[in-house]
Each structure stands twice: as C-alpha cells, then as structure tokens.
Amino acid sequence: MYRFLTTPRWWGINIFVLLAIPFCIFMGTWQLGRFEDRVDSHQEAEATRPGPGAGPGAVKAAPLDELLPVTKETSGRQATASGLYGEQFLVPGRELEGRTGSYVLTLLRTDGGKALPVVRGWLPEGGRPPAPPAGEVTVTGALQASENSGTKGVHAAGGLPEGQVGMISAASLVNLVPGDVYDAWVTLTDAPSGLTPVPAAAAEGTGLDLKAFQNLGYTGEWFAFVGFVLFMWFRLFRREAEAARDAALGLPPEPSPAAEPAQAAQAAQAAQPAESSRAAELS
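Description of the structure in this document. Residue indices begin from 1 for each chain and proceed along its sequence in written order. With the structure being a predicted model, the display of local features is reserved for residues of pLDDT at least 70 and the display and counting of side-chain atom pairs for 80 or more, all residues being used for whole-chain, interface and lining totals. Computation of side-chain values: all heavy atoms of the structure, hydrogens and water removed.

### Here we look at the overall build of the chain
So, step 1. Strands here are runs of E lasting at least two residues and helices are runs of H or I lasting at least four, both read from the DSSP assignment and numbered beginning at the N terminus. Counting its regular elements, the chain contains 5 helices and 6 strands.
So, step 2. The order of helices and strands in the chain, counted from the N terminus, is α-β-α-β-β-β-β-α-β-α-α.
So, step 3. Here's how the labels work: a residue is buried when its accessible area is under 20% of the maximum for its type, exposed when over 50%, partly exposed in between, all with a 1.4 Å probe on protein chains only. For the chain, with 283 residues in total, the buried portion stands at 31%.
So, step 4. In what follows, residue pairs with any heavy atoms lying within 4.5 Å of each other are defined as contacts. Of the contacts made within the chain by residues no fewer than 6 positions apart, 69% connect residues no fewer than 24 positions apart.
So, step 5. Surface accessibility of the chain: about 17,300 Å² in total, with carbon and sulfur atoms responsible for 59%. Method for areas: the Shrake-Rupley scheme with a 1.4 Å probe, in which residue coverage is limited to the protein chains shown.

Given below as structure tokens:
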C-alpha cells in the first residue's frame, strides 16, 4: 500500500523534507544564539555601569587610551583623562526622562594634544550652560562610540546656530576646532551644578531593543516552519495512503472539490442535446 513512496515524486518530497527540517532547526538555533548574545552583552554592560548616584570611584576607571578603539566590550566602561577644557557646544534636541533639552559638550584638550569630547551633562531648554572649570582637570565618565546619522536624537541635516552641533563625532567636530579629535566621547558620571548626568547608552548591537526581540521572534518562526513541514508531509502521506487503499479495494477515487463543478457542467451540457431531441419529437 505504501509503494507510492518509491515514486520519483515522493523521492523529491522526502529529500526536500530531510533538507528543510535541519535547515530550519539550524536557522532557529542561530537566531536564538544571537538573542542570547544580546542578553549576555546587556547584562555585562549593566554590571559595569555605575548605579544611580554612584560616585566616580564606584567603578574602577581605566586610562582612556587603554580602552580605545571603542568596541562592544569597552563601550560604557569608565574612562579617565586629564587636560584643559576648551571649546564648548550645545547638542540640541536630546531627550532625558521625557523632557527635551541639550547636551553640554565641552572639548578636553588632553596632554597628548588631541581633543576629547566630554558631555558634562544635560541642560533643559532655555537654560544657560555653566562655564567649564579653568586649569588642569581630570575627568571620569562612561566611554561612548562616536554617533552617526542613525543614532537616536542626532540632527544630521545641518543648519544649526553657531555654537551648536547636531552629532557627537570626530567627523562633525574636526572642522570646528583646531587639532585632532578622539573618535569617541565620554559622559561624566557626576555632572556640575545645573546639569543632569547623561546615562551611557548601550553599544550598538548589545542592548535589549526591538531588534533583539526580532531575533527571538525569528527563532519562533523557524521552529514553526519545522512543524509546518512535518504537518504537510503527513497530510500528503495520509492522502496518498488512502488513495492507494481505495485503489486496492477497487473503489473509484473521490473527486476533488475543484473537479465537482466541472463535472456538473459537463453533465448539464450532455443533457441539453437529449432534451432538445425529445422536444423535437413531441412537436
């Protein structure tokens, strides 16, 4: 009764199923692994991030140059640098706790001569930023990668007033200040009076954002495909087995639902000549 399994059609179906199931399992496992990596990196970032109200000494800071270039592992780490404060800018359109304001961005001219962008804090709209301290200073803050046009809150269109920048990056600052600029920035753990500390953002590809949960959703889809492939194979197998059993018993095959209207139309067409000839005889 199951000799139909040896036909070329069923060889093709079985090979497809045998290839599709492990492929779907592999893709589902891969997506699940990506989600788990995001969870692990998020937990590591939270572990290295100082809690609310933590002072500069709450987490051991490392010299800035030891943490560069910024990677997923070093992003959010506490970095320390020394130098003299120089040019100061406002970065408008930045939200904090549901309010819109500006970051106060001050360039720290380090002992090596390069300028380090330092976000000293967040300023509400209409506020006046405090002047940076004079003389040699040592700053400690969370290391962040340079922003790009896809970063939330970035104003990449230009046209800002003098003294404002739309993006915190070396590319946007190198034409505004003399000398080289670090391709990174830090946000101070302790903000000066009148400013609110800006929390460090998770590195791209590490936070539990919508993209991370998309990986989890794709995991469920791939495993659902496995169940769908098995269901369709079993459905086709049962239909073929029933047809083979009916054929062995000498039963005619059941017409498909799509074939029933066609058969009814053919019967009606065949009946029309007979009715016409009968009407001619009566007349």
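There's plenty left to go through after this.
### Some words on the pattern of salt bridges
So, step 1. Salt-bridge detection follows one rule: a side-chain nitrogen of Lys or Arg within 4 Å of a carboxyl oxygen of Asp or Glu. Across all of its chains, the model carries 2 salt bridges by this definition.
So, step 2. Of the charged contacts, one joins Arg9 and Glu240 as a salt bridge, the two residues approaching to 2.6 Å between their closest N and O atoms. Pair noted here: Arg9 is in helix α1 (residues 8–48) and Glu240 is in helix α4 (residues 210–248), with a separation of 231 residues, a long-range link.
So, step 3. Arg94 is the partner of Glu147 in a salt bridge, and the nearest nitrogen-oxygen pair spans 2.8 Å. Here Arg94 lies in strand β2 (residues 78–96) and Glu147 lies in the loop between β5 (136–145) and α3 (170–173), a separation of 53 residues in the sequence.

### A few points about the side chain of Ser146
So, step 1. Position of Ser146 among the secondary structure elements: in the loop between β5 and α3.
So, step 2. There is a polar contact of 2.6 Å between the side chain of Ser146 and the side chain of Asp183.
So, step 3. From its side chain, Ser146 meets the backbone nitrogen of Ala184 in a polar contact 3.4 Å long.
So, step 4. Discounting residues that sit within four places of it in the chain, Ser146 has contacts with Ile168, Ser169, Ala170, Asp183, Ala184 and Trp185. In protein, a polar contact requires one atom able to donate a hydrogen and another able to accept it; more generally it is a pair of N or O atoms within 3.5 Å, and residues adjacent in sequence count only if both atoms are side-chain atoms.

### A closer look at the packing of aromatic side chains
So, step 1. Only Phe, Tyr and Trp rings are paired, with Trp represented by its six-membered ring, and only when their centres lie within 6.5 Å; those with planes under 30 degrees apart are stacked, over 60 edge-to-face, the remainder tilted. Under the counting rule described, the total for this entry stands at 7 aromatic pairs.
So, step 2. A ring pair is formed by Trp222 and Phe225, whose centres lie 5.5 Å apart and whose planes are at 90 degrees; its orientation type is edge-to-face. Taken together, the residues Trp222 and Phe225, both in helix α4 and 3 residues apart, mark about one turn of the helix.
So, step 3. Feature note: the residues Phe4, Trp10, Trp233 and Phe237 constitute an aromatic cluster, connected by ring pairs.
So, step 4. The ring centre of Tyr85 lies 5.8 Å from the NZ or CZ of Arg120, which sits over that ring. Both a distance and an angle decide whether a charge sits over a ring: NZ of Lys or CZ of Arg must be within 6 Å of the ring centre and within 35 degrees of the ring normal.

### Quick look at unusual backbone geometry
So, step 1. Leu68 connects to Pro69 through a cis peptide bond whose omega is -5 degrees.
So, step 2. Here Pro69 lies in the loop between α2 (64–67) and β2.

### What about the side chain of Glu147?
So, step 1. The class of Glu147 is buried, set by a relative accessible area of 9%.
So, step 2. Beyond its immediate stretch of four places on either side in the chain, Glu147 contacts Arg94, Val154, Met167, Ile168, Ser169 and Trp185.

### Focus: the pairing of strand β6 (residues 184–188)
So, step 1. Across the 5 residues that make up β6, a large majority, 5, are buried.
So, step 2. In β6, alternate side chains face the same way, and those of Ala184, Val186 and Leu188 on one face and Trp185 and Thr187 on the other are all buried.
So, step 3. Strands pair, by our definition, only if DSSP identifies at least two bridges between them. Pairing geometry for strand β4 (residues 115–124) and β6, over 2 bridges, is parallel. Looking across to β6, one finds that Val119 is bridged to Thr187.
So, step 4. Direction of pairing for β5 relative to β6: antiparallel, over a ladder of 5 bridges. Each residue of the ladder has a partner; that of Leu143, found in β6, is Val186.

### Looking at the pairing of strand β3 (residues 99–110)
So, step 1. In terms of residue burial, β3 counts as a mostly covered element, since 9 of its 12 residues are buried.
So, step 2. Sheet topology note: the β2/β3 ladder contains 11 bridges and is antiparallel. The residue of β3 that forms the bridge with Leu90 is Val104.
So, step 3. Between β2 and the antiparallel strand that follows it, β3, lie 2 residues; Glu97 among them carries a positive phi value of about 55 degrees.

### Points about the environment of Arg245
So, step 1. Locating Arg245 in the fold gives a position in helix α4.
So, step 2. Along the sequence, Arg245 and Tyr2 sit 243 residues apart, while their C-alpha atoms lie 9.1 Å from each other.

### What to know about the nonpolar core
So, step 1. Among the nonpolar cores identified, the biggest contains 17 residues, and Tyr103, Leu105, Val119, Ile168 and Leu173 are the most heavily contacted of them.
So, step 2. Only β2, β3, β4 and α3 provide two or more residues apiece to this core.
So, step 3. Contact partners of Leu105, with chain neighbours within four places excluded, come to Glu87, Gln88, Phe89, Val91, Pro117, Val118, Val119, Val165, Ile168 and Leu173.
So, step 4. The nonpolar core is taken to be a set of buried Ala, Val, Leu, Ile, Met, Phe, Trp, Tyr and Cys residues, with the residues joined through side-chain atoms within 4.5 Å. Ranked by size, the runner-up nonpolar core spans 16 residues in total, among them Ala79, Tyr85, Val137 and Val139.

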